[in-house]
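One letter stands for each residue in the lines below.
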There are 4 protein chains.
Amino acid sequence: MTPISTHLLDCLATTDALASAFSDAALLQAMLDFEVALARAQARVGVIPARAAESIANAARLDRFDVHQIALDARASATIAIPVVDALRARVEEIDAGSACYVHWGATSQDVFDTALVQCVGQAGRILDADHARLTSALTRISQAHANTVMLGRTLLQPALPITFGLKAAGWLGASTRSWARLSAALLDARVLQFGGAAGTLAALGANGLAVEQALAEDLGLAVPDAPWHAHRDRLATLVTSCGVYAGTLGKIARDVSLLMQDEVGEAAEPGGGSSTLPHKRNPAGCAVAIAAAIRVPGLVSAFLSGMLHEHERSVGGWHAEGPTIAATLQATGSALSSVADVIDGLDVDADRMRANIAATHGVVFAEKLTMLIVPQLGREKAGALVTQAVRQSRDSGRAFREVVASIPEIARLLTPDQIASLDAPEAYLGSAETFRTRLVAAAGRRTPL
Amino acid sequence: MTPISTHLLDCLATTDALASAFSDAALLQAMLDFEVALARAQARVGVIPARAAESIANAARLDRFDVHQIALDARASATIAIPVVDALRARVEEIDAGSACYVHWGATSQDVFDTALVQCVGQAGRILDADHARLTSALTRISQAHANTVMLGRTLLQPALPITFGLKAAGWLGASTRSWARLSAALLDARVLQFGGAAGTLAALGANGLAVEQALAEDLGLAVPDAPWHAHRDRLATLVTSCGVYAGTLGKIARDVSLLMQDEVGEAAEPGGGSSTLPHKRNPAGCAVAIAAAIRVPGLVSAFLSGMLHEHERSVGGWHAEGPTIAATLQATGSALSSVADVIDGLDVDADRMRANIAATHGVVFAEKLTMLIVPQLGREKAGALVTQAVRQSRDSGRAFREVVASIPEIARLLTPDQIASLDAPEAYLGSAETFRTRLVAAAGRRTPL
Amino acid sequence: MTPISTHLLDCLATTDALASAFSDAALLQAMLDFEVALARAQARVGVIPARAAESIANAARLDRFDVHQIALDARASATIAIPVVDALRARVEEIDAGSACYVHWGATSQDVFDTALVQCVGQAGRILDADHARLTSALTRISQAHANTVMLGRTLLQPALPITFGLKAAGWLGASTRSWARLSAALLDARVLQFGGAAGTLAALGANGLAVEQALAEDLGLAVPDAPWHAHRDRLATLVTSCGVYAGTLGKIARDVSLLMQDEVGEAAEPGGGSSTLPHKRNPAGCAVAIAAAIRVPGLVSAFLSGMLHEHERSVGGWHAEGPTIAATLQATGSALSSVADVIDGLDVDADRMRANIAATHGVVFAEKLTMLIVPQLGREKAGALVTQAVRQSRDSGRAFREVVASIPEIARLLTPDQIASLDAPEAYLGSAETFRTRLVAAAGRRTPL
Amino acid sequence: MTPISTHLLDCLATTDALASAFSDAALLQAMLDFEVALARAQARVGVIPARAAESIANAARLDRFDVHQIALDARASATIAIPVVDALRARVEEIDAGSACYVHWGATSQDVFDTALVQCVGQAGRILDADHARLTSALTRISQAHANTVMLGRTLLQPALPITFGLKAAGWLGASTRSWARLSAALLDARVLQFGGAAGTLAALGANGLAVEQALAEDLGLAVPDAPWHAHRDRLATLVTSCGVYAGTLGKIARDVSLLMQDEVGEAAEPGGGSSTLPHKRNPAGCAVAIAAAIRVPGLVSAFLSGMLHEHERSVGGWHAEGPTIAATLQATGSALSSVADVIDGLDVDADRMRANIAATHGVVFAEKLTMLIVPQLGREKAGALVTQAVRQSRDSGRAFREVVASIPEIARLLTPDQIASLDAPEAYLGSAETFRTRLVAAAGRRTPL
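Residues take numbers from 1 onward in each chain, read along the sequence in its written order. Working convention: letters from A go to chains and numbers from 1 go to ligands, in the order in which they are written. Selection of residues for local features in this predicted model requires a pLDDT of at least 70, selection of side-chain atom pairs for listing and counting requires 80 or more, and totals for whole chains, interfaces and linings are taken over all residues. Side-chain calculation: all heavy atoms of the structure are included, whereas hydrogens and water are not.

Asks: Even after reading the chapter, I still don't get the overall build of chain A, so can you show me in this structure?
Replies: Strands are runs of DSSP state E lasting at least two residues, helices are runs of H or I lasting at least four, and both sets are numbered from the N terminus onward. When helices and strands are counted, chain A shows 18 helices and 4 strands. Just to be clear, the radius of gyration here is over C-alpha atoms, and the globule rule we use is 2.2 Å times residues to the power 0.38. Computed over C-alpha atoms, the radius of gyration of chain A comes to 30 Å, more than 25% over the 22 Å expected from 2.2 N^0.38 for 450 residues, which places it beyond the range of a compact globule. Over its C-alpha atoms, taken along the principal directions, chain A stretches across nearly 105 × 50 × 35 Å. The buried label goes to any residue with under 20% of its type's maximum accessible area, the exposed label to any with over 50%, and the partly exposed label to all in between, with areas taken from a 1.4 Å probe on protein chains only. Within chain A, the proportion of its 450 residues that are buried is 70%. Residue contacts are counted whenever heavy atoms from the two residues lie within 4.5 Å of one another. Looking at chain A alone, contacts between residues at least 24 apart form 75% of all its contacts between residues at least 6 apart. Note that His is not counted, nor are the chain ends; the positive residues are Lys and Arg, and the negative ones are Asp and Glu. By convention, the charge on Lys lies at NZ, on Arg at CZ, on Asp at CG and on Glu at CD. Of the charged side chains in chain A, 38 are positive and 45 negative, and the gap between their average positions amounts to 8 Å.

The following block contains the structure:
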C-alpha cells in the first residue's frame, strides 16, 4: 500500500492529514476493525465460536490486502464491501478454515461500509476541531488587538462608514463559531453504528441481534441508533450541509482578506505565496485555497442531497454516490479551515493604511452623519441638496469634506464648532461597534470542544 | 394588489398558504412593519419625535403602495428597500411633511429587507410546523396499525428479506422527526433582528443604538443577535440547508410510495390523481409533487451556499441572490411536506398483496436464513453450493423453496421438521424489527413543537 | 388576470419583458394555442370534424380562464394541463356541446405543457438575443476605443503586468460571443414540438398520427423531432446548461467591473445606483444584479440535471420539477444580460487612473521584464537576487523601480540606456495584446443572429 | 510513482482507464510535455538557445520527480505548477547549469497547468468515445432485435399504453446520440492551447510571442485560440456541462433498467452483481454505478459554473477550484458510460414477461382506445361513465376488459366484432411507434466519431 494519499489534481482540495483520514489504508482498516469487532461481539454474546473471533482478528492485517484488486473487483457488485469481505474470508481460510464462514456473520455490505465511513469521518472531525481551535484563537487575538483600529466599512465594495478592524475580525469569529457549533454537533450526531443485516432487521441474528448491536457499538466507540439507517441519510446529510455552511463562512473570510490585500487597498496581507514568473508578487495563496473550497463545496452538498431519495431498504445509486462526496466535502472544508487559520494567524495588518484609506475619501463617508445632524432643521429635500453639494465640492476639489461643510453657511450655522471639527473623526462615528465586538468575542469564548 | 400569489409555472412548487407567506403583500407588509416599529422604538427612546412615529404608522398602509412600480424601480439600486422607503416617505410627506425625514432613520436597506424576510420565513415556519405535525401523526398511526404487517424488504430494488410495513413507516417517521427537529431549530435560530445601519455599527444612532435595537426587536418579536449579521449569513444558510435535508427525507418517502404503488407491486397507493387521457389510471400525483421538490431543493441549497462569500460589510450580488432562493426553498419544502402528509394520511395499504409478494418469490428470500442454519456444519463452500442449487431449482420449477429444501437430503438432514416448516414464514424471520419500530415511534413522540 | 407578472422577492431575478414571457398569461395562451392548433391540424387531416376545430378555437379565449383556480386544481393531478383542458372543454361545451369531446383529442398532458413551455422559451430567447446584440455592440465599441489604454493586468487580485483595457473588454466580448453562440444554438435546438399521446406512440391517432404531427408543428412554427421526447430531456437540459455558462460569463464581467469600481481602484464605473442612507455612494447596482444571477443559476442548472432520470415514459417528479427551473434560469440569465449590457453601455472609463495605478506600483510590475533581460548573463540565482533587491528598495523607498535599477551597477551595466529608460513604459511591454484583441473582435463580428 | 491511481472511496466513480488519464503520472507528464515543447518552440523561433531546449528535454523524465513533495509544496503558492517548474529547473541545473534559466521561459503557472489539463481531458475523451461507440452499437442492436416486442409503456410508474421495447431502446439511443454529439463537440472545442504569460499578453516574448504560440500549439497537437483564456472558462464549462447532460441521459437509461429488473416486473436484467449476504440476489450493480454518477455530476457542474467569476486576469480561488471538478466529472461520466454500455450489451430481455405484464392489466390499459371509439357517438360524459364502469368491473372481477366491454350493450352495440376482438391486442395499438423507432436509429447512424 502506498503512503501517498493525495492526488496532484486534488492536492489543494485537502490537507495531508485529511487525505490520510480518507486514504485507502484508513478506510480498509476501519472496515477490518468493524469485522473484527463484529466477530468479537458475536463471540461474547455466543453467536459464533470464540476461536472464530480470534482467527478473524488475526487475519485482519492491513498489509495482506491488495487494494488495487479490491477497487477493480468492487465494480462487479457496486461495493468494495464484497471484495473486502471475500479477501478477509480467504485470509481466515488460510489460518483456520473452519472459522472462515463466521466472517461478516449476519451483516450486510452497508453495515461494514457505512460504519467504516463514520469512523473515517470521526478522524476527520478531530483534525477539523484542532484547526478550528487554532482559527478561533487567532481571530480572538486580532480582534482584541485591533479593537480601536479604525478602517473603512465597505458595502457593495464602496466606502460606507468607518468600522473597526476588531469588529470585522469579531464578525468573522462569530460566524466561524456558530458554523463550527453546528458542524461539531453534526459530527457527534453522525457517530452512530450502522448494523442491520440484509434488510435492516438483524433477522440473521434471531434473538441476539440487540445484544450484538450493543456490544459492537461499545467496541467501536459509536452510539446505537434507534434503528439501522441504511436508507435514511439525514445524519450524514446534515454533516455535509454543515460543512457547506462552514466552508461558506471560511470563504467569506478569505474573500475579505484577498480584497484587503489588493495593492490598491493594502490594509492586510496573508503571508502568501510567490509567482512562477513575477518576482514582485505576493499572492493570497491561502485565500485562494479557501475560496476554491467554498466554490466547490456547495455543489458537493447539492450532490449529497440529490441522492437522498434512497429506494426502499437500500438504493440503486443513491448510496453508491455518497462516499466520494462525503470525503471530498470534509477534505475541502478542512483544507479551507487550515488555510484560513494560517492566513489569520500570520496576517499582517496595516493600521496606518486603514486610517489613510478613510482619509483618502476626504471625509465624504461622513455625509450620512452630517445629514442626520441637519435634516430635522432643514427637512429632507433641502438637507439632501446641501449635503450632495458638499460631497460634490469635496470630490471635485480634493478639499476635506469637513472644510467644505464649514464653508457652506446654510450648513455651518446649524453645527457647533466641535461638531464641525469632529465631523470626519472616525472614532467619533463608530456607534455600537465595540459593544457588538465584545458580544461576539464573548459568545465565541463560550464554545465547547468536540 | 392582487390576491394571486402563485404563478402557474410554479404552482406545484408551493402551496397556497406558503405562496401567501412570501407574497408581495406579505413582504411589503413586513417591510412596513419594520419601519413603523423602528419609528416607534426611536420615539420611545427619544431619538425621533413621537409625532413622527405616529405619522409613519398612519402612512404605512399597504394599499397605498404600487407594487409593480416598486419592482421596476428596484432595479436601479438593486434593492426594493429604496423604492419602498421612498414611497413610504412620500406617503408621510402627504400627511405630515415635517415627519417625513424620520422615515427609516439611521437604518439601511438591508435592515428592513432582511428583517422583513425573517418575518416571512417565520410565517412559513408556522405553516410547515402544522403540516409536519399532521405527517407525524399519520406516520405514527400507520406504523402502529401495521406493526405486524409483513412485506418484502427490498435492496437495490430486489427482494431481500421480510420486514414489516410498520417498521418501514417508522423509518420514514424517524427520518422526518430528526429532519424537522433540525429545521425547526434553524427556524428558531433565524428569528433574529437585522439592524445595523449603513455599515453595521448603528453609528447614526450614537449612544442610543442599543436601546433602539432592544425596543425594535421586542416590538417585532425577534431576538437580538450578538451583532448585525449583514455579511454573515450562516443562520439563513442553515435554514436553507435544513430544508434541503428535510426535502430529501420527504422525497425518499414519496419515492418509496410511488414504487409500492406500481401496478406490478400494488402494496400501497396514495389517493392519487387522474390522467388527461387515460381513464384507467391513478397517478401518484402527491408523490410527484414531493419528488419534484426534492429534485429542485438541492440546487437551491447550492445556490445559497455559493453566495455566502459576501464582500466586506455588504456584498455585490451575494445578498441580492438570497431572496428568491430562500422563498423557493421554503415553499418547495413545504409543498413536499403538505403532499406527503396528504399521501400518508390517505394511504391505502394492501397487506394481502404485501404477503403475496413475499410468497411470489417462492421463498427464495429465505436463502440467507437457510445458509446461516447449515453453514457451520457444512462449511461455506459446500453450504453455498447447496443453497444456490436449491434457489435455482425453486426458481426454475416454481416449487416452494421450502419444499425444494426438504427434498435435498444433504440439507434436510441438518434441519428439524419445524425448521423446515417455518423456513419461509415471514413472521419467523423478522429479527429485531419490532424493537427498532417501537424505538423510532417513541423517539418521534418526544418531539417538541416549534 | 393580473398584468403583474413579477414577484417583489424575485424582481431582480428577471426583467419585466422576461417575466411576461413566462407569465400566467403567456403560458396559458401558449397552451391554448397548442389545443387550437391541434384541433385544426386534426380537422385538416380528417381526424375530427372541422366544426369542432372552429368551436375549440372560439372557446380558447384567455380571459375566460380562472388562473388561480387552475393553479389550485393542478395539485390533484400534479399538472396544470388537466385543469386547463377541463376548463377549455367546459368552455366548448357551453358553445358547442357536441364538439367538447374533441378537445385535446389523442394528446396527453405533457404534449400541451411541454410545447407551451417551448413557446415561452422561444419568446425569452428573442428577448435575450436583442440584449446580447446590445452587449456585443457596446463591448466592441469600448474595446476599439481603448485599444491603446494601458492598465494593470491583475492576477490573484495583485498587480501583474500592463495590459490594455481594449484587450480586457475584448476578452469579455470573446467569452460572451462564444457563450451566446452555444446558447442560441440550444435555443434553436429546443424549438421542437412535443406530441406523442399517452405513451409517446400517438396510438390514439392510428394511421393519422404522423400527418397530424406534421401539420401541428407547421402551425406552431416548431420542428418535428425524430420522436416524442417526453422522457428524454437533453435538449432542455442543454438550454439550461448553456444559460449556466453564459450567466457565468456575465458574472465574470460584472465582477471585474465591480472591482474596477472600488474607490481605491477607480478605473471604471457603471452608471450605478444610490444608497438608502449614504448620500455619497454610487453602488455597482447593475453588477450586483448580474452577479446575483451568476450565483443562482449554477444551482438551477444542477436542479435540472438532477431531474433528468425520468422513469420510463413519464417520470414521477422529474418532469414536474422542470418548469420553475427553466423559467428561473432563463429569467436570471436574461436579467444578468440586460444589466451587463446597461453597465457596459454606460461605463465610465478613467484612462488616467488606469495609467496612474500602474505608476503607483513604482514600476515593480516590470520586474519580470528586467529578469528576462539579465538572467541569460547572470544566471537564475544571481539575477533573481538582484531583482528582488531592486524591488525591495523601490518598495521601501518609494523611488521608481527604473531609477533603483539604474543605481545598481551589476544590473545597469547589462542594459542599454534605452532599455533602462523604457523599463517601466507600459506601452513597451504589451507583447501581443493588440493581436489578441483584434482576433477576438473579429471573431465576435462573425456572429450570426438567432 | 505508484501505479495505483484509484482511491477505494472513489473506485466506482471512475474506471481504471479514466483514473489513469488523470493520474499523477499523466498530469505530471503532460506538464513536462508542455515545458519541453515550449523550450523547443522557443529554440526553433530563436528565443532561447537550442542547447537549452535539449537539456530541458533530457531533464524532463517523470521518474525523477517526487510527486508527494510537489503536492505538499503546492500549498504555499496554491498551484502545483511552481514546485513542478522548480523541480524541473533543478534537474536541468544538474545536467546543464547554464540552461536552467530557460525553463518555463516567459510562461506562467496557468499556461502549463491548463494546457496539461487539456491534454488529460483529451485522453479521457478518447476513452469515452470508445465506450460511447460500444453503447451505440449495443442499443442499435437491441432496438432492431425488439422492434416488434410489445411491452407496457409506463407513465408516473403506472401502466399507460403498449409500446415496443425497440422504441424504448431507440429513445435511449437517440438521447445518447444527441448527448454525445454535444459532448464530443465540447471536447474538440476544449483542445486549445493555453499560453499567455503572466498577464495574458506574452509580453515577455516581445515580438516572438505569436510565432512561439504557433509552434507550441503544433507540437502539442492543440488549436491556437483567439487569445489566452486564463480568465474565460466557457470552453471548459461547456465540457463539464455537456458531461452533465450525458450523465443525466445515462442515468435515465440505468434507472429504467433497474426498474424493469424489479422482481415484480422482470422484463429485463443486466448481468448484475451478487450480494454480501443474500445468495438469491442479482443486483443491478451496473445501474447503481451509473445512477450514482448521475446523482453526483449535477453538483459538480454547479461547482464549476459557480467558479466562473474569475477576477481580472487570474482569479483567487475560481481557477484553483476547477481541477478536481473537471477530473471528477469526466471520470464519473465515463464510469457511468462504461457501466451502461456493459448493462445494455449484456441485457437479458424477457419478451414473454413484457407481454404478460400487459395481459396482467386485464386489458384496462386499452380504455383510452375504447373511449376514442365511442365518445363521438355518446358524448364525453356518457362515454366516460361507461368506460369507467367497464374498467372497474374488469379490475374487480379479474375478467378481461375486452369481455367486460362485450357484455355492456351500450358499448358493444357501437363496436364491430373485430373491434371488440382486437381491443386488447397490443400490436393493434402501437400508433407510430415503429416510425419513431426507425427515425431515431437512422439519426444515430449518422453520428460522426470524435
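Asks: Got a minute to help me understand the domain arrangement of chain A in this structure?
Replies: In many analyses, interface size is given as the accessible surface area lost on bringing the parts together. All names here are of chain A. Here the domain parsing of chain A yields domain 1 (1-107 + 202-222), domain 2 (109-192 + 229-359 + 432-450) and domain 3 (364-423). Where each domain begins and ends follows an automated or database-derived domain assignment. Between the C-alpha centres of domain 1 and domain 2 there is a distance of 34 Å. Across the boundary between the two partners, domain 1 contributes 25 residues, which contact 27 residues of domain 2. Counting the surface lost from both domain 1 and domain 2, the interface buries some 2100 Å², and carbon and sulfur atoms represent 75% of this. Two parts lose some accessible area (1.4 Å probe) when they are put together, and adding that loss for both gives the buried area. Contact with domain 2 buries surface across domain 1, with Leu18, Phe22 and Leu222 losing the most and accounting together for 32% of the total. One speaks of a salt bridge when a side-chain nitrogen belonging to Lys or Arg is within 4 Å of a carboxyl oxygen belonging to Asp or Glu. Run the count over domain 1 and domain 2 and you get 0 salt bridges. For the side of domain 1 that touches domain 2, the secondary-structure elements that each account for two or more residues are α1 (16-21), α2 (24-45) and α5 (81-95).

Asks: How should the interface of chain B and chain D be read in this particular structure?
Replies: Taken together, the contact between chain B and chain D spans 37 residues of the former and 37 residues of the latter. Roughly 3100 Å² is buried in total at the junction of chain B and chain D, and carbon and sulfur atoms are behind 52% of that figure. For the chain B face of the interface with chain D, the top three residues by lost area are Gln158, Glu264 and His280 of chain B, together amounting to 23%. At the junction of chain B with chain D, the criterion picks out 2 salt bridges.

Asks: Even after reading the chapter, I still don't get the pairing of strand β2 (residues 158-164) of chain A, so can you show me in this structure?
Replies: Each regular strand carries side chains that alternate between the two faces of the sheet. All names here are of chain A. The element β2 is largely enclosed, with a buried count of 7 among its 7 residues. Strand pairing requires that DSSP identify at least two bridges connecting the strands. Both strand β1 (residues 150-155) and β2 contribute to a ladder of 5 bridges, which runs antiparallel. Considered in β2, the bridge of Thr155 is made with Gln158. Taking the residues between adjacent antiparallel strands as the criterion, β1 and β2 are bridged by 2 residues, where Leu156 takes a positive phi near 50 degrees.

Asks: How do you make sense of helix α12 (residues 351-359) of chain C when you look at a structure like this?
Replies: An α-helix turns once every 3.6 residues. As a result, residues three or four positions apart point the same way. All names here are of chain C. Restricting attention to buried positions, one finds in α12 the residues Met354, Asn357 and Ile358. Taken end-on, α12 shows its buried residues confined to a sector of 105 degrees, consistent with a single buried face. Counted as exposed and oriented over 90 degrees from the buried face of α12: Asp352 and Ala359. As for α12, its buried residues are in contact with β1 (150-155), β2 (158-164), α7 (165-189) and β4 (348-349). This arc corresponds to the set of directions leading from the helix axis out to the C-beta atoms.

Asks: How should the relation of the copies chain B and chain D be read in this particular structure?
Replies: The least-squares superposition of copies is restricted to C-alpha atoms, and to residues with a pLDDT of at least 70 in both copies. Note on the identical chains: chain B maps onto chain D by a rotation of 180 degrees and an axial translation of 0.0 Å, with an RMSD of 0.0 Å. On this basis, the relationship between the two copies can be described by a two-fold rotation axis. Within chain B, the C-alpha atom positioned nearest to the axis of rotation is that of Glu264 of chain B, 2.8 Å from it.

Asks: When you look at the interface of chain B and chain A in this model, what are you seeing that I'm missing?
Replies: Taken together, the contact pairs 90 residues of chain B with 90 residues of chain A. Taking both partners together, chain B and chain A bury about 7700 Å²; carbon and sulfur atoms supply 64% of that area. By the criterion of area lost to chain A, the three top residues of chain B are Asp226, Leu309 and His312 of chain B, representing 10% of everything that side buries. In this assembly, chain B and chain A are joined by 12 salt bridges. For the purposes of these results, a polar contact is taken to be a pair of N or O atoms within 3.5 Å, where, inside protein, one atom must be able to donate a hydrogen and its partner to accept one; residues adjacent in sequence count only when each atom of the pair is a side-chain atom. Linking chain B to chain A there are 36 residue pairs in polar contact (both at pLDDT 80 or more). Those elements that place two or more of their residues in the side of chain B that touches chain A are β1 (150-155), β2 (158-164), α7 (165-189), α8 (209-220), α9 (234-260), α10 (285-306), α13 (367-378) and α18 (433-445) of chain B.

Asks: Teacher, can you tell me more about the pattern of salt bridges here?
Replies: A side chain of one charge can pair with a side chain of the opposite charge if their charged atoms are brought near each other. Here the structure, examined in full by the defined rule, presents 108 salt bridges over all chains. Across the pair Asp342 of chain B and Arg134 of chain B runs a salt bridge whose closest N-O atoms are separated by 2.8 Å. Of this pair, Asp342 of chain B sits in helix α11 (residues 322-345) while Arg134 of chain B sits in helix α6 (residues 109-145); the two residues are 208 residues apart in sequence, bridging distant segments of the chain. The class for Asp342 of chain B is partly exposed, based on a relative accessible area of 38%. Classification of Arg134 of chain B by relative accessible area gives partly exposed; the value is 30%. For the salt bridge of Asp63 of chain D with Arg61 of chain D, the shortest nitrogen-to-oxygen distance reads 3.4 Å. Residue classification places Arg61 of chain D among the partly exposed residues on the basis of a relative accessible area of 45%.

Asks: Before we go on, may I ask you to explain the side chain of Thr79 of chain C in this structure?
Replies: With respect to the element layout, Thr79 of chain C can be found in the loop between α4 (67-77) and α5 (81-95). Overall, Thr79 of chain C belongs to the buried group, its relative accessible area being 6%. A distance of 2.9 Å separates the side chain of Thr79 of chain C from the backbone nitrogen of Ala81 of chain C, its partner in a polar contact. Setting aside residues up to four positions removed in sequence, Thr79 of chain C forms contacts with Leu12 of chain B together with Ala74, Ser109 and Trp319 of chain C.

Asks: When you look at the relation of the copies chain B and chain A in this model, what are you seeing that I'm missing?
Replies: Between the two copies of the chain lies a relationship made up of a rotation around an axis and a movement along it. You can overlay chain B on chain A at an RMSD of 0.0 Å; the transform is a turn of 180 degrees with a shift of 0.0 Å along its axis. Most of the interface of chain B is mirrored in chain A: 100% of its interface residues are interface residues there too.

Asks: How do you make sense of the environment of Ala90 of chain A when you look at a structure like this?
Replies: By the secondary structure assignment, Ala90 of chain A is in helix α5. It is 7.3 Å that separates the C-alpha atoms of Ala90 of chain A and Ala100 of chain A, two residues lying 10 residues apart in sequence.

Asks: Please clarify how helix α4 (residues 67-77) of chain A should be interpreted in this entry.
Replies: Residues and elements named next belong to chain A. All of the buried residues in α4 are Val67, Ile70, Ala71, Ala74 and Ser77. Down the axis of α4, the sector holding all buried residues measures 120 degrees, keeping them to one side. Between a side-chain oxygen at the N-terminus of α4 and the backbone nitrogen of His68 the separation is 3.2 Å; the capping residue is Asp66. Positive phi appears at Ala78, one or two residues downstream of α4, with a value of about 60 degrees.

Asks: Explanation requested: the environment of Leu239 of chain C in the structure shown.
Replies: Residue and element names in this part refer to chain C. Tracing the chain through its elements places Leu239 in helix α9 (residues 234-260). Owing to a relative accessible area of 0%, Leu239 belongs among the buried residues under this scheme. Put simply, Leu239 and Leu32 are 207 residues apart on the chain and 24 Å apart in space, counted from C-alpha to C-alpha. In contact with Leu239, not counting residues within four places along its chain, are Val121, Leu183, Ala186, Leu187 and Leu330.

Asks: How do you make sense of the environment of Ala175 of chain B when you look at a structure like this?
Replies: Along the chain, Ala175 of chain B falls in helix α7. A residue is classified by how much of its surface remains accessible, and Ala175 of chain B, at 1% relative accessible area, is buried. For Ala175 of chain B and Leu440 of chain B, which are 265 residues apart along the polypeptide, the C-alpha to C-alpha distance reads 9.1 Å. If sequence neighbours within four positions are ignored, Ala175 of chain B has contacts with His232 and Asp234 of chain A together with Thr249 of chain B.

Asks: Sorry if this is basic, but what is going on with the packing of aromatic side chains here?
Replies: The description of two aromatic rings rests on the distance between their centres and on the angle between their planes. Between 30 and 60 degrees the pair is tilted, below 30 it is stacked and above 60 it is edge-to-face, where a pair is any two Phe, Tyr or Trp rings, Trp via its six-membered ring, whose centres lie within 6.5 Å. All told, the structure shown has 24 aromatic pairs over all chains when counted by the stated rule. Judged by centre distance (5.9 Å) and plane angle (85 degrees), the rings of Phe165 of chain B and Trp172 of chain B are edge-to-face. The pair formed by Phe165 of chain B and Trp172 of chain B is uniform in burial state, with each residue classed as buried. A ring pair is formed by Phe34 of chain C and Phe195 of chain C, whose centres lie 6.5 Å apart and whose planes are at 65 degrees; its orientation type is edge-to-face. Here the residue Phe34 of chain C occupies a position in helix α2 (residues 24-45), and Phe195 of chain C occupies one in the loop between α7 and α8 (209-220), the gap between them amounting to 161 residues.

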